[in-house]
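# Observations on the model geometry
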Amino acid sequence: MSRAQAESVIKNIIREIAQECASKGQAVSETLVAFMVKAVVLDPANEFNVDRTLTKDDVQKLIKLCVDRLMDARSPALDTIKMQVYFDMNYTTRADFLDEHRRVLETRLLPVIQEITSSRARTREELESLYRKIVSAVLLRSGLGSPTDLAVVREATAALQSVFPQTELGTFMTLTKREKERQLAELTLIVTGIRLFNKECGKGGEGIDDLPAILNEAIPATTQSVDEEIQSTLLCAYKYTTLIEEMHKRQIKEGPSIQLLKEALINSRQHETFLRIILSDIINCAHQVELLENQLGTRMEQLQATVQSKTAVPTAQVYPQFIHLAQLWSGFQDEMVLLSVLSNILASLEPFTRGHKEQLSDELIKPYLEGLVVKTDEQRIQETNDQRVNPTDYKAEKWEWLFPDTTKNFSRLQLQYRGYCAYTLGACDRLLVPGNPEIGIMRFREHYYAFSSKEAAYKFAECPQEFIALVAEAAKKSPELIQLLELHTQFSTITPYSQNRDAGKMIEKPITKCDSGSQTDTHILESNIVKTYAWNEWELRRKAIKLANLRTKVTHAMQTNGSNMRRDNETQVYLPKEQDTQTKQDNYSNVSKPQTFLHGLRGGGTGIPTVMYKVDLTVDVSEPPIVKEFSVPIPKKK
């Protein structure tokens, strides 16, 4: 089956699951269904073989399992997945939030701007109508008051007339569309700055809210609300962790289901993670507002010093300050928009945590917590601060260990499993216990692992691959852990939801590997060689001097008595040619063939030693031959 066919089959399965859920009264998004399909296939308990094509029975089984999971209203795991899908589909970075807000604002203003830039007003009434439209566009873009409020319109019109009187409409009409849009944007900034300055001076400011004061009240209130929500979520997580640890230690089977407790713990930890992200953004908003307030105060003082009750001020001095003032106010508006979006996300996350709070209410789990100490994350870390891994120990000596006092930028290390204990996750089957980096961080295959105790670190160090595999198997049972623990590298076919926001796309990474080649023609255009082209600067100078000299010359002709009635003779003289002669010279070198002669091999007679002479005949004739003498002993006769 080709990839296109496989995607078509998956789309049909997702569509059928969504329709069946809708028929049962549960509306689900295609993104949630797509992730649930992947989760069901990954779960080894469902016995799906991803290496073979799904049969009709497999497809029906897959649809049934997905529908059952999606319709389970009392499943904390499903609530966690819904929470992850919602957050990743609605939350983005600060810059993306503001860009989207500006894009929506420009889209709403587009009809008004087009009507102004395309106007062909000629009569007095048409020009007055165009000017009113410009005032409305300035008010809508600045966001300072409603265009339907008469007092606001009068104030904006007065400010606009001071910088752009109605008599300038004729010049405005002669501009191009792009120049008109640019001038409208500049007029909006200047008029906004004038109105803000008038409000500061107490001479206007109709319909302008005191955004700095509003933000200074809203940000602390929102921060307190998020802090309270975090503490409430952490309290649930602490109780669930204590119960799960006690069940693992004593093998208790009474009380709430351990599976339900683990799913509720994952839900609480995921909620805590999202809340901390929101809290971080709100704190950034507070810092930004403080910075804008300081800049706004400085700019107002500079404007006061520039104007100083003068009747006329050069526009080159005051207009840039008005523009900067409007830009600062736009920053306050951006912070208001961002704070509103974060508050909406915060309120929308709460319903995804009600399921486990209702099933595991305080009245239900309180009897099982009697006699147990519910520890917070801070208490667990304080208890293990005095523990530290000894790198020379036989259990830890073969791995690299990092410590705060010996590692630069220790706090910035990207811990695996989002900082939770790597040993507890695998050994206790999805138990989330925060790790303490002070114990020591183990580096294994370019990943950094933290642990909740010294014993857990030693046990993990004995066989890291085994515990990593256990965590991967646990993630297959609870696919919400893939997002919580950031296990996308282990499950390469699962990607964050934010990367799959386009409709109709699966949560599966496309295979983009292929062998390809390209070749560029040497001469893709026809040859067009200009013979008179000269690239040398000195050649061009020589021609220029020659032409300059010709301009000062005059041609003269003269006829003398001696040459009268005679024919003209012409002689062509050729310049001498430069001729070269080259003689071919052959040269070589050769090594003479070695020739030697051995003299005296027959011997000198009985009892006389044989003397052999070796004569080298390869030397030059002028040199004497080299003679070497050797003595060869003659064996005695028996």
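You'll find the chain entered in an unreviewed UniProt entry as Cilia- and flagella-associated protein 206, with Biomphalaria glabrata given as the organism. UniProt lists a comment for the chain under the heading Subcellular location (unreviewed entry), and it reads "Cytoplasm, Cytoskeleton, Cilium axoneme".

### Some words on the overall build of the chain
Assigned secondary structure in the chain consists of 20 helices and six strands. Taken across its 638 residues, the chain has 36% of its residues classed as buried. For the chain, the proportion of contacts with a sequence separation of at least 24, taken over those separated by at least 6, is 69%. Total accessible area on the chain is roughly 41,000 Å²; 51% of this is exposed by carbon and sulfur atoms.

### Looking at the packing of helix α17 (residues 454-462) against helix α18 (residues 464-477)
Viewed as axis vectors pointing N to C, α17 and α18 meet at an angle of 100°, and their least axial separation amounts to 5 Å. When the axis of α17 is compared with that of α18, the two are roughly perpendicular. For the pair α17 and α18, the contacting residues are Lys459, Phe460, Ala461 and Glu462 in the first and Pro464, Phe467 and Ile468 in the second. For the contact of α17 with α18, the residue count by class is five nonpolar, no polar and two charged.

### Focus on empty space enclosed by the protein
With a probe scaled to a water molecule rolled over the atoms, the places where space remains empty come into view. Scanning the entire structure with this criterion turns up one cavity of 30 Å³ or more. Its boundaries defined by the atoms lining it, the largest cavity holds a volume of some 30 Å³. Lining the largest cavity are Leu109, Ile113, Ala137, Val138, Arg141, Leu184 and Thr188. Of all elements in the fold, only α5 (94-117), α6 (124-142) and α9 (177-201) reach the threshold of two or more residues within the lining of the largest cavity. A per-element tally of the lining of the largest cavity places α6 first, with three residues. Residue classes in the lining of the largest cavity are distributed as five nonpolar, one polar and one charged.

### So, unusual backbone geometry
Non-glycine residue Asn409 carries a positive phi angle of around 55°. Along the polypeptide, Asn409 turns up in the loop between β1 (400-402) and α16 (422-427). Residue Asn409 is classed as partly exposed on the basis of its relative accessible area, which comes to 43%. With a phi angle near 75°, Arg430 is a residue other than glycine that sits in the positive phi range. Residue placement: Arg430 occurs in the loop between α16 and β2 (441-444).

### Re the sheet that holds β2
As summarised here, the arrangement of the three strands in space is β1-β2-β3, forming an open sheet in which the pairing is antiparallel. The two strands at the open ends of the sheet, each matched to only one other strand, are β1 and β3 (447-449). Between one strand axis and the next, the sheet turns through 35° on average, direction left out of account. Where β1 lies against β2, three bridges are found, and the strand directions are antiparallel. The residue bridging Glu400 from the neighbouring strand is Arg443, located in β2.

### Side note on the packing of aromatic side chains
Tallied over the full model, the rule gives 15 aromatic pairs. Each ring, one from Tyr91 and one from Phe97, has its centre 5.9 Å from the other, and the planes form 75°; the classification is edge-to-face. When its relative accessible area of 17% is taken as the criterion, Tyr91 is described as buried. Both rings, one in Phe451 and one in Phe460, keep their centres 5.1 Å apart while their planes meet at 55°; by these two values the pair is tilted.

### Quick look at the environment of Arg602
Note that Arg602 resides in the loop between β4 (596-599) and β5 (610-616). Overall, the relative accessible area of 86% leaves Arg602 in the exposed class. With ten residues separating them in the primary sequence, Arg602 and Met612 have C-alpha atoms 8.8 Å apart.

### What to know about the packing of α6 against helix α7 (residues 150-163)
Here α6 crosses α7 at 105°, and the two axes come no closer than 10 Å. The orientation of α6 with respect to α7, classified from their angle, is roughly perpendicular. Residue-level inspection shows Tyr131, Ile134, Val135 and Leu139 of α6 in contact with α7, the latter providing Val152, Val153, Ala156, Thr157, Leu160 and Gln161. In terms of residue class, the contact of α6 with α7 is made up of eight nonpolar, two polar and no charged.

### Section: a nonpolar patch on the surface
A cluster of nonpolar side chains, Val530, Tyr533 and Trp535, forms an exposed patch at the surface whose accessible area comes to about 440 Å². For Val530, the position within the fold is in the loop between α19 (480-484) and α20 (537-551). Overall, Val530 belongs to the partly exposed group, its relative accessible area being 48%.

### Quick look at the pattern of salt bridges
Counted according to the given criterion, the structure contains 26 salt bridges. For Asp68, the salt bridge is made with Lys64, and the minimal N-O distance between the two is 3.1 Å. Taken together, the positions of Asp68 and Lys64, both in helix α3 (residues 56-70) and four residues apart, correspond to about one turn of that helix. Judged by its relative accessible area of 40%, Asp68 is partly exposed. Residue Glu383 is joined to Lys375 by a salt bridge in which the shortest nitrogen-to-oxygen separation is 3.2 Å. In this structure, a network of salt bridges that share partners links the residues Arg269, Glu272, Arg276 and Asp377.

### What about α7?
Relative to the 20 Å expected for 14 residues at 1.5 Å per residue, α7 spans 20 Å between its end C-alpha atoms, a close match to the ideal helical length. Every buried residue of α7 is listed here: Val152, Glu155, Ala156, Ala159, Leu160 and Val163. Along the axis of α7, the buried positions cluster into a sector of 130°, meaning they face one direction only. Set apart from the buried face of α7 by more than 90 degrees, the exposed residues are Leu150, Arg154 and Ser162. Summarising the contacts, the buried residues of α7 are in contact with α6, α9 and α12 (315-349). Two or three places before Ala151, at the opening of α7, Asp149 has a side-chain oxygen 3.2 Å from that residue's backbone nitrogen.

### Observations concerning the environment of Thr233
Within the fold, Thr233 resides in helix α10 (residues 211-250). Placed 32 residues apart in sequence, Thr233 and Leu265 show a C-alpha to C-alpha distance of 9.6 Å. Beyond its immediate sequence surroundings of up to four residues, Thr233 is in contact with Ser268, His271, Glu272 and Leu275. A distance of 2.9 Å separates a polar side-chain atom of Thr233 from the backbone oxygen of Glu229.

### Comments concerning the nonpolar core
Ranked by internal contacts, the top residues of the largest apolar core, which has 65 residues, are Ile134, Leu160, Val163, Phe164, Ile278, Trp329 and Phe332. The leading source of residues in this core is α12, at 13 residues. Among the domains, domain 2 (119-201) and domain 3 (211-368) are the pair contributing at least three residues each to this core. Beyond its immediate stretch of four places on either side in the chain, Leu160 contacts Tyr131, Ile134, Val135, Pro165, Leu187 and Val191. Of all hydrophobic cores here, the second largest spans 46 residues; its members include Trp401, Tyr417, Tyr420 and Met442.

### Some remarks on the state of the cysteines
The tally for this structure, following the rule as stated, stands at zero disulfides. Not engaged in a disulfide, the cysteine Cys21 finds its nearest cysteine sulfur in Cys66; these two sulfurs lie 8.6 Å apart.

What counts, and at which threshold
- Residues numbered from 1 in each chain as written.
- Predicted model: local features only at pLDDT ≥ 70, side-chain atom pairs only at ≥ 80, totals over all residues.
- Heavy atoms only, no water.
- UniProt positions renumbered as here; feature names shortened; annotations may be inferred.
- Helix = DSSP H or I, 4+ residues; strand = E, 2+ residues; numbered from the N terminus.
- Buried < 20%, exposed > 50% of the residue type's maximum accessible area, 1.4 Å probe, protein only.
- Contact = heavy atoms within 4.5 Å.
- Areas by Shrake-Rupley, 256 points an atom, 1.4 Å probe, with all protein chains shown as cover.
- Axes fitted to C-alpha atoms, helices over the stretch in contact; angles between N-to-C directions.
- Parallel < 35°, antiparallel > 145°, perpendicular 65-115°, else oblique.
- Nonpolar A, V, L, I, M, F, W, Y, C, P; charged D, E, K, R; others polar.
- 1 Å grid on protein atoms, 1.4 Å probe; cavity = no way out; pocket = protein on both sides within 12 Å on 5 of 7 lines; lining within 4 Å.
- Points joined across faces, edges and corners; volume = space filled by probe spheres on them.
- Pairing = 2+ DSSP bridges.
- Phe/Tyr/Trp six-rings, centres within 6.5 Å; stacked < 30°, edge-to-face > 60°.
- Patch = residues over 30% accessible without salt bridge, like charges linked within 9 Å, V, L, I, M, F, W, Y side chains within 5 Å.
- Salt bridge = Lys/Arg side-chain N within 4 Å of Asp/Glu carboxyl O.
- Expected span 1.5 Å × (residues − 1).
- Arc of directions from axis to C-beta.
- Polar contact = N/O pair within 3.5 Å; in protein donor to acceptor, adjacent residues only side chain to side chain.
- Core = buried A, V, L, I, M, F, W, Y, C linked by side-chain atoms within 4.5 Å.
- Domains from an automatic or database assignment.
- Disulfide = S-S within 2.5 Å.

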